[in-house]
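Reading the structure
Next come the chains, spelled out residue by residue.
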Amino acid sequence: MTGPGPLQRRHLEREARHLAPGASEESALARRVFTEGRGAVLTDLDGNQYLDFAAGTLTQSLGHGHPEVVAALTEQAGRLWNVHDSATPGRAELCDLLARLLPERLDTYAFFSTGAEVVEAALRVVQAVAPPGRNRIGALRHGFHGKTLGARMLVHWDIGNQSFAGNSVLGYSPYCYRCPLELERPSCGLRCATLVRRHIASKPNVSALVFEPVLGAAGVIVPPPGYWEQISEECRNNGVLLVADEVLTGGGRTGSFLASEALGAEADLVALAKGTASGFPFAVLAGRSEVLRSPAASAAGSTASTYAGNPLGIAAARATLEVVARDALVDRVRTLGDLLTDRLAALHARFDVLGDVRGLGLLHGLEFVRDRRTREPAPEIARAVYTTALDMGLRTSVGGHIIRLAPPFTIDVALLEEGAAILGRALERVTGQAGPGAGEAA
Ligand SMILES: Cc1ncc(COP(=O)(O)O)c(C=O)c1O
């Protein structure tokens, strides 16, 4: 198969007459019309099937159409949809479930509907509780927190719209493959972390550090051991709140329920969204009670919005997280993650266009380069591998010169192997390199 089939092409032409452009790079390149998802498999309008190694958009931790989530949503859809932010029986159940899954100190929750909305809520809390004069917020270079104005003010790179020069103070992210300080591990002595610490210690007007524990959108940048421990200690010593944006990593994706916790950053506030409700719009702000219950942060209406905590989102989140807990899926993520790491390491060894492969749990980034020595980014190769793999039946996620892989936690080992094998064949086709054993066969 090359590109979308005839039914899909007709459909895309029809909607293009009215649909505004501006889709993500991955769906603009893919040009697919998906009709159904079951587990790790998607079907398009022409009947082709794909392994979904992007898990929706990192939302489908349980795969597509998990029967328990479908049942919970169907039951709730027949009962009650929206009563603003009034209490419902499901909300108390969800609070108890979150209290079981999250570290004990994160015992207070507010519910929202999207990643950007929960990040904005966290920013409002930070500003409300900040001592006078502490009006700036720390963030990391290469971070991504959503497309609302507050979230965009945290980062200074263009995310498809003109970027804002925000009110944030930026620190170095642990991007070892392209170290901004031109150092190498381990001789660098984690200089990036030292400089972030210095920033925090020397700027008394910073009230919080908002961070992705593993930087997802920038290409799955996994910090080396010690990075978060050092920075969080400095924040603690200087009264700077730690706000973990786990919209992408939270809920088990990296092999622990919270990546921040596993990497040594004890956050005061945590934002969760994507993996928590199987793709239904839903988000949680979890925090220390002294922060979220402080009078400054809890004025009437401060956690309310039209869809915040709607009963359907709560039903989807409860069903999703109950399955994650009951089926010990976070442990499964670690096991499957080890397997995927192995398969990707083998591809890295074979293909020079793969400058770096890295990841944690079931979240991996492949960085494409024109030349391993110069490390010049190769977005055209990433795009070619992405579309070739899709044509071969593997959906991944592409952005610039990076392909991200994030299969569902529930995927069968055989399908995980198959996805890795398709990726290998796509790399062979794009690079013109023969497969292993090709010489012997000839
Ligand atoms: C870390 C992080 N924060 C926030 C967001 C924004 O979430 P949403 O697209 O639901 O607004 C994203 C989206 O990818 C994200 O990865």
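Rules of the game
Along each chain, numbering runs from 1 in the same order as the chain's sequence is written. Where local features are concerned, this predicted model is filtered to residues with pLDDT of at least 70; where side-chain atom pairs are given and counted, the filter is 80 or more; whole-chain, interface and lining totals use all residues. Derived side-chain values reflect all non-hydrogen atoms in the structure, with water molecules and hydrogen atoms excluded from consideration. Counting from the N terminus, the helices are the DSSP runs of H or I reaching at least four residues and the strands are the DSSP runs of E reaching at least two. With the radius of gyration taken over C-alpha atoms, the globule rule is written as 2.2 Å times the number of residues to the power 0.38. Any pair of residues with heavy atoms lying within 4.5 Å of one another is described as a contacting pair. Computed by Shrake-Rupley with a 1.4 Å probe, the accessible areas treat only the displayed protein chains as cover when residues are assessed. Charged-residue counts in this description rest on Lys and Arg as positive and Asp and Glu as negative, His and the chain ends being excluded. Charge placement uses NZ in Lys and CZ in Arg. For Asp and Glu, CG and CD serve respectively. Axis definition: a line fitted to C-alpha atoms, limited for helices to the stretch in contact. Angles are taken between N-to-C directions and run from 0 to 180 degrees. Put simply, angles under 35 degrees are roughly parallel, angles over 145 are roughly antiparallel, angles from 65 to 115 are roughly perpendicular, and the rest are oblique. What makes a crossing left-handed is the near helix being turned counterclockwise from the far one by less than a right angle; a clockwise turn instead makes it right-handed. Residue polarity follows a fixed list, in which Ala, Val, Leu, Ile, Met, Phe, Trp, Tyr, Cys and Pro are nonpolar, Asp, Glu, Lys and Arg are charged, and the others, Gly among them, are polar. Just so you know, the domain bounds were taken from an automatic or database domain assignment. Summed over both partners, buried area is the accessible surface (1.4 Å probe) that two parts give up on being assembled. Counted as salt bridges are all cases of a side-chain nitrogen of Lys or Arg within 4 Å of a carboxyl oxygen of Asp or Glu. Strand pairing is defined by DSSP finding a minimum of two bridges between the two strands. Being near a molecule or strand, for a residue, means having at least one of its heavy atoms within 4 Å of it. Here a polar contact is taken to be a pair of N or O atoms separated by no more than 3.5 Å, where protein atoms must pair a possible hydrogen donor with a possible acceptor and residues adjacent in sequence count only if both atoms sit in side chains.

Attention now goes to the overall build of the protein chain. Regarding its fold elements, the protein chain presents 16 helices and 15 strands. For 442 residues, the compact-globule estimate of 2.2 N^0.38 gives 22 Å, and the C-alpha radius of gyration of the protein chain, at 22 Å, lies within 12% of that figure. Principal-axis analysis of the C-alpha atoms gives the protein chain an extent of 75 × 60 × 45 Å. Long-range pairs, those at least 24 residues apart, make up 73% of the contacts in the protein chain between residues at least 6 apart in sequence. Total accessible area on the protein chain is roughly 19100 Å²; 53% of this is exposed by carbon and sulfur atoms. Computing the positive centroid from 44 side-chain charges and the negative centroid from 47, the protein chain places the two 4 Å apart.

Taken N-terminus to C-terminus, the directions of helix α4 (residues 67-77) and helix α12 (residues 311-326) make an angle of 155 degrees; their axes are 9 Å apart at the nearest point. When the axes of α4 and α12 are compared, the pair comes out roughly antiparallel. Here α4 and α12 pass one another in a crossing that is right-handed. Here α4 contributes Glu 68, Val 69, Ala 72, Leu 73, Gln 76 and Ala 77 to the contact with α12, which in turn contributes Pro 311, Leu 312, Ala 315, Ala 316, Ala 319, Thr 320, Val 323 and Arg 326. Grouping the amino acids of the contact of α4 with α12 by side-chain chemistry returns 10 nonpolar, 2 polar and 2 charged.

Turning next to the domain arrangement of the protein chain. Parsing the protein chain into structural domains produces domain 1 (6-65 + 329-436) and domain 2 (67-326). For domain 1 and domain 2, the distance between their C-alpha centres works out to 26 Å. Every contact between the two is made by 34 residues of domain 1 and, on the other side, 31 residues of domain 2. For the pairing of domain 1 and domain 2, the buried interface totals around 2600 Å² over both sides, and the portion due to carbon and sulfur atoms is 59%. At the junction of domain 1 with domain 2, the criterion picks out 1 salt bridge.

This next bit is on the sheet that holds strand β3 (residues 49-52). Reading across the sheet, the 4 strands line up as β1-β2-β3-β13 and stay open at both edges, with mixed pairing between neighbours. This sheet does not close on itself; its edge strands, each paired only once, are β1 (34-38) and β13 (394-395). In terms of strand pairing, strand β2 (residues 41-44) meets β3 through 3 bridges, oriented antiparallel. Across the sheet, Val 41 pairs through a bridge with Leu 51, a residue of β3. Strands β3 and β13 of the sheet are contacted by helix α15 (residues 413-431), whose axis makes an angle of about 105 degrees with β3.

Our next topic: the site of the ligand. In the vicinity of the ligand, the contacting residues are Thr 114, Gly 115, Ala 116, Phe 144, His 145, Gly 146, Glu 212, Asp 245, Val 247, Leu 248 and Lys 274. At 2.8 Å from an oxygen atom of the ligand is found a main-chain nitrogen or oxygen belonging to Gly 115. Contacts to the ligand include Lys 274, whose side-chain N or O atom sits 3.3 Å from an oxygen atom. Burial of the ligand by the protein chains amounts to 78% of its free accessible area of 390 Å². In the shell around the ligand, the residues fall into 4 nonpolar, 4 polar and 3 charged.

Quick look at the environment of Arg 31 now. By the element assignment, Arg 31 lies in the loop between α2 (25-30) and β1. Sequence separation between Arg 31 and Arg 9 is 22 residues; the distance between their C-alpha atoms is 7.9 Å. Excluding residues within four positions of it along the chain, Arg 31 makes contact with Pro 4, Gln 8 and Leu 12.

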